[in-house]
Amino acid sequence: MNKEPVSRELFDDVMVPNYAPGKIIPVRGEGSRVWDQQDREFVDLAGGIAVTSLGHAHPGLVGALTEQAEKLWHLSNVMTNEPALRLAKTLCDLTFAERVFFANSGGEANEAAFKLARRYAWEHYGADKHEIISFKQSFHGRTLFTVSVGGQPKYLEGFEPAPGGIHHADFNDLDSVRKLISKEKTCAVVVEPIQGESGVKPADQAFLEGLRTLCDENDALLVFDEVQSGVGRTGHLYAYQMYGVTPDILSSAKSLGGGFPVAAMLTTAKIAASLGMGTHGSTYGGNPLACAVAQKVIDTVSQPEILKGVTARSKRLRDGMMAIGERYGVFEQVRGEGLLLGCVLTEQWQGKAKEFLNAGLDEGVMVLIAGPNVVRLAPSLIIPESDIDEALERFERAVKTVCS
Ligand SMILES: *Cc1c(COP(=O)(O)O)cnc(C)c1O
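Because the structure is a prediction, the values reported are computed rather than measured.

A. Molecular detail of the site of the ligand. Taken together, Ser105, Gly106, Gly107, Asn110, Phe139, His140, Gly141, Glu192, Asp225, Val227, Gln228 and Lys254 make up all the residues around the ligand. One of the side-chain N or O atoms of Gln228 is found 2.7 Å from an oxygen atom in the ligand. The side chain of Lys254 places a nitrogen or oxygen atom 2.6 Å from an oxygen atom of the ligand. Relative to its unbound accessible surface of 380 Å², the ligand loses 81% to contact with the protein. For the shell around the ligand, the leading source of residues is helix 5 (residues 106–125), giving three residues.

This is the structure in structure tokens:
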């Protein structure tokens, strides 16, 4: 096996330059701590962008993965497999869903969701009813369809022509949806219950309820992209359960695999019928390794004491960040739910989120940003409270440096 020493510099020589990774290369992790090549230790409040829901090297996940690894890795969908069937059953038992489609990433789960919405409308109402309404600033993935449904035009720049029939309304503004929706043309309204990438902005209760009503009145499907908000992030298994507003289709990924690539699209039996034999597929979707790991994640995260723990940890982290924000005048608000938090920079610090991320790394704490004005936190759902306290101390030192 190739064990050549490698360094961050090599990235620029061998990788496509679409990312700008930080200067360190982490090599191992345990719980909410990560160590780099020089054995420097970090507290992880980033969670691999809301992915490592049970931290690093969780013994239960390592066990599920290795147990399955010794049995069977892959079959393709020419056969079904036990882990996929069990996971689908579990997801149906715990949510509104009656049918599940597995994919490998959030973008793919959304691609399936949008294709299903179109196909369902095409089958039941005809080809004119193909329009999708989504929201400005939303994020749904990087495939051409999902980036077109997403509401950040910069991600589409230079990749046009985009698929047609997509409109963008204003988030948390029902009137802007009313202006675009119609019984004749709209097949689906797509929304993140908490907009993640664009700054951790929760939807208003009345907004989601209003979308449900508008969709019902216009025979349109309501699609919740819960790729970031799902699987315990909010202290509820899915955010729709917190809002009490049930979608017709839901996409789940990120935390679902706890670090193993896996995604799911959930829907009802009636709607699922429109993805008939041969209409859609994925070679890896429902892979036994991925489903065995996701099963362990869901079994663990869905326990009431884990979900309650998210709420307690959220308060500790939120209060700590707000206190730092007030002491140094850097945050005007900490918003979000559970362990998906956005610390919104004050006027004076607008555009500088990345400076706080970099200073955090220097002090041994990993955080995320969500756009230029928000420091985002999405740690493990079971991060020890002592790690939260340590992370807050380190982050405060980072803020002090940035401010001095
Ligand atoms: C991350 C994200 C996606 C894309 O997921 P990938 O796994 O990167 O394809 C889609 N929707 C939301 C809300 C996300 O946060």
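B. A look at the domain arrangement of the chain. Structurally, the chain comprises domain 1 (8–58 + 304–403) and domain 2 (72–301). Each of domain 1 and domain 2 has a C-alpha centre, and the two are 27 Å apart. Tallying the contact residues gives 25 residues for domain 1 and 25 residues for domain 2. Across the domain 1/domain 2 interface, buried area totals approximately 2000 Å², and carbon plus sulfur atoms make up 63% of it. If you sort the residues of domain 1 by the area they bury against domain 2, Leu307, Glu337 and Leu340 come out on top, with a joint share of 27%. Arg376 is paired through a salt bridge with Glu197; the nearest N and O atoms lie 3.0 Å apart. Linking domain 1 with domain 2 are nine residue pairs in polar contact (both at pLDDT 80 or more). Mapped onto the side of domain 1 that touches domain 2, the elements with two or more residues apiece are helix 2 (47–50), helix 12 (304–328), strand 13 (331–337), strand 14 (340–345) and strand 17 (374–377). Ranked by the residues each element gives to the side of domain 1 that touches domain 2, the list is headed by helix 12, at four residues. Residue composition of the side of domain 1 that touches domain 2, grouped by class: 15 nonpolar, seven polar and three charged.

C. Summary view of the UniProt feature "binding site: N(2)-acetyl-L-ornithine" (unreviewed entry) in the chain. Using the residue numbers shown here, the UniProt feature "binding site: N(2)-acetyl-L-ornithine" (unreviewed entry) corresponds to Arg142 and Ser282. Here, the second largest pocket is lined by Ser282 out of the annotated residues. In this fold, Arg142 is placed in the loop between strand 5 (131–135) and helix 6 (144–149). Using a relative accessible area of 57% as the deciding quantity, one classes Arg142 as exposed. Residues contacting Arg142, with those up to four places away along its chain left out, are Val147 and Tyr155. Looking at Ser282, the relative accessible area reads 17%, which means it is buried.

D. Layout of the packing of aromatic side chains. Evaluated as defined, the whole model comprises nine aromatic pairs. On the numbers, 5.8 Å between centres and 75 degrees between planes, the contact of Phe139 with Tyr155 is edge-to-face. Of this pair, Phe139 sits in the loop between strand 5 and helix 6 while Tyr155 sits in the loop between helix 6 and strand 6 (166–169), and the two are 16 residues apart along the sequence. Judged by its relative accessible area of 22%, Tyr155 falls in the partly exposed class. Seen from the ring of Tyr155, Arg142 lies directly overhead, with NZ or CZ sitting 3.9 Å from the centre.

E. Broad picture of helix 5. With 20 residues, helix 5 extends 28 Å from end C-alpha to end C-alpha; this agrees with the ideal 28 Å at 1.5 Å per step. Every buried residue belonging to helix 5 is among Gly106, Gly107, Ala109, Asn110, Glu111, Ala112, Ala113, Phe114, Leu116, Ala117, Tyr120 and Ala121, and all of these are buried. The positive-phi residue at the C-terminal boundary of helix 5 is Gly126, with phi of around 105 degrees.

F. Quick peek at the pairing of strand 10 (residues 221–225). Taking burial as the measure, the five residues of strand 10 include five buried ones, the bulk of the element. The alternating pattern of strand 10 places Leu221, Val223 and Asp225 on one face and Leu222 and Phe224 on the opposite face, and all of these are buried. By the bridge criterion, four bridges tie strand 7 (residues 186–191) to strand 10 in an arrangement that is parallel. Counterpart to Val191 in the pairing with strand 10 is Phe224. Alignment of strand 10 against strand 11 (residues 249–252), held across three bridges, turns out to be parallel. Its bridge partner being in strand 11, Phe224 is matched across the sheet by Leu250.

About the cut-offs
Residues numbered from 1 in each chain as written. Predicted model: local features only at pLDDT ≥ 70, side-chain atom pairs only at ≥ 80, totals over all residues. Heavy atoms only, no water. Near = heavy atom within 4 Å. Polar contact = N/O pair within 3.5 Å; in protein donor to acceptor, adjacent residues only side chain to side chain. Areas by Shrake-Rupley, 256 points an atom, 1.4 Å probe, with all protein chains shown as cover. Helix = DSSP H or I, 4+ residues; strand = E, 2+ residues; numbered from the N terminus. Domains from an automatic or database assignment. Contact = heavy atoms within 4.5 Å. Buried area = accessible area lost by both parts, 1.4 Å probe. Salt bridge = Lys/Arg side-chain N within 4 Å of Asp/Glu carboxyl O. Nonpolar A, V, L, I, M, F, W, Y, C, P; charged D, E, K, R; others polar. UniProt positions renumbered as here; feature names shortened; annotations may be inferred. 1 Å grid on protein atoms, 1.4 Å probe; cavity = no way out; pocket = protein on both sides within 12 Å on 5 of 7 lines; lining within 4 Å. Buried < 20%, exposed > 50% of the residue type's maximum accessible area, 1.4 Å probe, protein only. Phe/Tyr/Trp six-rings, centres within 6.5 Å; stacked < 30°, edge-to-face > 60°. Lys NZ or Arg CZ within 6 Å of the ring centre and 35° of its normal. Expected span 1.5 Å × (residues − 1). Pairing = 2+ DSSP bridges.

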